[in-house]
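# Tertiary structure, described
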Protein chains: 2
Amino acid sequence: MSRKPRLRSGSGVTMHDVGLAVGVSAITVSRALYSPERVSDTLRTKILEAVDRLGYVPNRSARALASARSQTVLVLIPSLTNTVFIDTLAGIEDVLRPAGYQMLIGNTHYSAGEEMQLLRAYLEHQPDGVLVTGLSQPPEFAQTLERQGIPAVYMMDLTADGRCCVGFSQEDAGEAITRHLLERGRRRIAFMGAQLDERVLKRLDGYRKALRAAGRYDAALEDLDPAPSTMQMGADALTRLLQAHPDCDAVFCCNDDLAIGALAACQRLGLAVPQRMAIAGFNDLQPAGWVTPPLTTVATPRYRIGTEAARLLLASIAGEADAVTCHDLGFTVMPRASS
Amino acid sequence: MSRKPRLRSGSGVTMHDVGLAVGVSAITVSRALYSPERVSDTLRTKILEAVDRLGYVPNRSARALASARSQTVLVLIPSLTNTVFIDTLAGIEDVLRPAGYQMLIGNTHYSAGEEMQLLRAYLEHQPDGVLVTGLSQPPEFAQTLERQGIPAVYMMDLTADGRCCVGFSQEDAGEAITRHLLERGRRRIAFMGAQLDERVLKRLDGYRKALRAAGRYDAALEDLDPAPSTMQMGADALTRLLQAHPDCDAVFCCNDDLAIGALAACQRLGLAVPQRMAIAGFNDLQPAGWVTPPLTTVATPRYRIGTEAARLLLASIAGEADAVTCHDLGFTVMPRASS
DNA sequence: ACCTGAAATGTTAGCGCTAACATGAAAATG
DNA sequence: CATTTTCATGTTAGCGCTAACATTTCAGGT
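Just so it is clear, the model here is predicted, and its values are computed rather than measured. In every chain, residue numbers begin from 1 and rise along the written sequence. Written order decides the labels, with chains lettered from A and ligands numbered from 1. In keeping with the predicted nature of the model, local features appear solely for residues at pLDDT of at least 70, side-chain atom pairs appear and are counted solely at 80 or more, and the whole-chain, interface and lining totals rest on all residues. Note that the side-chain values use all heavy atoms of the structure and ignore hydrogens as well as water.

## Structural notes on the protein's contact with DNA strand D
The rule for a residue being near a molecule or strand is that one of its heavy atoms must lie within 4 Å of it. Neighbouring DNA strand D are 31 residues; Met15, Ser30, Tyr56 and Arg63 of chain A together with Thr28 of chain B lie closest to it. Protein-proximal atoms of DNA strand D, defined as those within 4 Å of the protein, fall in sugar or phosphate at a share of 58%. Here a base nitrogen of DNA strand D and a backbone polar atom of Ala62 of chain A are 3.4 Å apart. Two N or O atoms count as a polar contact when they lie within 3.5 Å, although within protein this holds only if one can serve as hydrogen donor and the other as acceptor, and sequence-adjacent residues are included solely when both atoms are side-chain atoms. Within the contact set of DNA strand D, a base nitrogen lies 2.8 Å away from a side-chain nitrogen or oxygen of Arg31 of chain B. With five residues, the single largest contributor to the surface near DNA strand D is helix α4 (residues 60–67) of chain A. Helix and strand definitions follow DSSP, with helices as H or I runs of at least four residues and strands as E runs of at least two, each counted in order from the N terminus.

## Description of the protein's contact with DNA strand C
Around DNA strand C there are 31 residues in total, and Thr28 of chain A together with Met15, Ser30, Tyr56 and Arg63 of chain B lie nearest to it. The sugar and phosphate moieties of DNA strand C supply 58% of its atoms located within 4 Å of the protein. In the environment of DNA strand C, a phosphate oxygen lies 3.4 Å from a nitrogen or oxygen atom belonging to the backbone of Asn59 of chain B. A distance of 3.4 Å is found between a base nitrogen of DNA strand C and a backbone nitrogen or oxygen belonging to Ala62 of chain B. Of the residues forming the surface near DNA strand C, the biggest block, five residues, is contributed by helix α4 (residues 60–67) of chain B. The residue classification treats Ala, Val, Leu, Ile, Met, Phe, Trp, Tyr, Cys and Pro as nonpolar and Asp, Glu, Lys and Arg as charged. All others, Gly included, are polar. Considered class by class, the residues forming the surface near DNA strand C number 14 nonpolar, seven polar and ten charged.

## Concerning the sheet that holds strand β6 (residues 189–194) of chain A
All names here are of chain A. Pairing between strands requires that DSSP locate at least two bridges from one strand to the other. One open sheet holds the four strands; their spatial order is β7-β6-β8-β9, and the pairing between them is parallel. Looking along the sheet, the strands with just one partner apiece sit at the ends: β7 (222–225) and β9 (278–280). With strand direction ignored, the average angle separating the axes of adjacent strands in the sheet is 15 degrees. Pairing of strand β8 (residues 250–253) with β9 involves three bridges; the strand directions are parallel. Residue pairing for β9: Phe252 is matched across the bridge by Ala280. We call two residues contacting when some pair of their heavy atoms lies within 4.5 Å. Axis definition: a line fitted to C-alpha atoms, limited for helices to the stretch in contact. Angles are taken between N-to-C directions and run from 0 to 180 degrees. The strands touched by helix α8 (residues 170–183) are β6, β8 and β9; relative to β8, the strand with the most contacts, the crossing angle is about 165 degrees. Seen against the sheet, helix α9 (residues 198–213) touches β6, β7 and β8 and runs at an angle of roughly 170 degrees to β6.

## Concerning the side chain of Ser229 of chain A
Residue and element names in this part refer to chain A. Summarising the element assignment, Ser229 is placed in the loop between β7 and α10 (231–244). At 2.9 Å, the side chain of Ser229 and the side chain of Asn255 are in polar contact. With residues near it in sequence (within four places) discarded, Ser229 still touches Ala194, Gln195, Asn255 and Leu258.

## Brief notes about the relation of the copies chain B and chain A
Least squares is the method used to superpose the copies, on C-alpha atoms of residues holding a pLDDT of at least 70 in both. For the pair chain B and chain A, the superposition axis carries a translation of 0.0 Å, the fit reaches an RMSD of 0.0 Å, and the rotation angle comes to 180 degrees. With respect to symmetry, the two chain copies, as superposed, fit the operation of a two-fold axis. Across chain B, the smallest distance between a C-alpha and the rotation axis is recorded for Ser61 of chain B, namely 2.2 Å. Here 100% of the contact residues of chain B are again contact residues in chain A; the copies associate through an equivalent surface.

## Description of the environment of Ala220 of chain B
Within the secondary structure, Ala220 of chain B is located in the loop between α9 (198–213) and β7 (222–225). C-alpha of Ala220 of chain B to C-alpha of Ala190 of chain B: the two residues are 30 residues apart in sequence and 8.4 Å apart in space.

## Some words on the side chain of Glu308 of chain A
Structurally, Glu308 of chain A can be placed in helix α12 (residues 302–317). Beyond its immediate chain neighbours, meaning those up to four positions away, Glu308 of chain A contacts Val166, His327 and Leu329 of chain A.

## Here we look at the UniProt feature "domain: HTH lacI-type" (unreviewed entry) in chain A
UniProt positions are given in the numbering used here, feature names are shortened, and annotations may be inferred rather than shown by experiment. Following the UniProt record, one finds the feature "domain: HTH lacI-type" (unreviewed entry) at residues 13–67 of chain A. Taken end to end, residues 13–67 of chain A has its terminal C-alpha atoms 20 Å apart, with 71% of it in helix and 0% in strand.

## Focus on unusual backbone geometry
Note the cis peptide between Thr292 of chain A and Pro293 of chain A, where omega equals -10 degrees. Looking at the secondary structure, you find Pro293 of chain A in the loop between β9 and β10 (297–299). In the Ramachandran plot, Gln195 of chain A falls in the positive-phi region, its phi being about 65 degrees despite a non-glycine side chain. With respect to the element layout, Gln195 of chain A can be found in the loop between β6 and α9. Only protein chains enter the accessibility calculation, which uses a 1.4 Å probe. A residue is then buried if its area is under 20% of the maximum for its type, exposed if over 50%, and partly exposed in between. Classification of Gln195 of chain A by relative accessible area gives buried; the value is 19%. For Gln71 of chain B, which is not a glycine, the phi torsion comes out positive at approximately 55 degrees. Its location among the elements puts Gln71 of chain B in the loop between α4 and β1 (72–77). Overall, the relative accessible area of 15% leaves Gln71 of chain B in the buried class.

Dropping the structure here:
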């Protein structure tokens, strides 16, 4: 009356099998692998040899189920094609992997709806923590995390509302680069924005603040397009801008892609940069230092945001309450020849 | 004599709890969620309502453990900063997500060693299948997969050795674009290569084949650098190349980044493109069609490689033996003004 | 010799879920 | 109306692992 044996996943070698081969119980194998100090040296050596010989592969699902810790972190980023987030991802990975944590990457495509959906879907993995881009999730988002008791770190921007965040003030950065253009004697400074996510809008706020303070704000000089930014778009926007406002003498582009497109358009139109037109970008991506003329932009600590956020999250997972703080990593205005 | 209750992960609501709330057993809840046709409509509605009300989140680890299927696919790609692989990733995701599969992304950094390490690490998740970039893994790689009975699909290139692959012939593509340059009357065609992964080397093979057939091969015209490619590198290589070989009248760059760098260098050096110097790239990334002059390049079906590979893998996981075939998705030479 | 306590290993139970088999009721069949 | 089939649901056991407690061993102190 024996039942069919159930399916086995993987190679079918379990801790129990390894234990049998060495003459110990499964728990000792578990300890040899994950808390080596609790097993005598001789035994541990024999066990590790057997693990190798039998080709034992631990089963993470079983481990997660039994220990109630998945050793997994969910990372939500708006895009995989934007270098900014890829750099951050690299920083995150460099901290999480050595710590034995697994990254689950969710691409929100800049959509709050998709972000919420992804959170729900990935919660099934019982992540031990979540790294989120930006601060403008719906209230439901934080509630869900709260209910499951999952710590989160918010990346890229700052807030004083008590959430744990790592980044820099997008608004201050926008203000700083605009002020830089003012200091260079520019009087009709335009803003070129695409994607229009929360970070772009905050940079726009900073731009407005700087210009208003100088008494030079003109809403007509704002060119906003919700579509994802491309170099082409930057070129088009610049052409449009100069047609409508021939007196415009500078433009702050919300990112380097737009700025490089704008630069190319100036060259095509025969406008000298920076003499006739100053151009500033944002992020200091690799090409910014390389185009002619080199692009004035704002260098952002993307990689470090990743490492710091990951570190904070790990501390938070470990229960260190003081990990829940706001980390301002700052930014640097990079004055180059385009302004 | 009661023990401490064990930790609970997540919200603590289980299928059993949902069942209690509705007055059914846990297995009925399971069926209502995953094989709805096996539960009556009335009951299913009640169960789903309770799931919502209680905020039940399924536990994927438990599911994977009990069913021996993780609904997870491992994707190994060489880089997250190369648009080529990001596009492929997008294709993969667009097929896997609707099918309920979870992607685990492993970044190999173009290293066979890291690739093997990643495979071993991610095997702990008991992936149901693996998507791999390229064909030149060590024999150990395929053996490991074989032993665990995990199907794999190899992306980007073709092979006749029986492995399931989706891509196009990198060699044929290299040959085709080189022939295009020959047909445009070029006689001293250089090759500029970076990163030097297997795909670049195959394109180089194709380049050599075309030039040898035309009796115009000269090993001195090959500029190879194992470092990751950048626009800067393309510019440097072009300058170097022209210094050493002033008679060089065309260059096939192994990717668009190098080509755009080379283009910029020509402009800086005052060399007319294509009159004095023809330039061809590879991949047809967005900027290729947009720089001046527009770049001749080879369009590659990156997104479709992703969707097809994912589809094949799913079929393979489902046990459809005929899924193990080679899919040639072809490529298209895009003649533009740079040649 | 006895006790104490730390170190090394084992036993038991259960994490949340689903495969396999079992049961009971309703519907279809002769 | 008895019999078979189908459908809807339940029971049992176990996936592989580890928390919690239990036991054994042995060093060191008295």
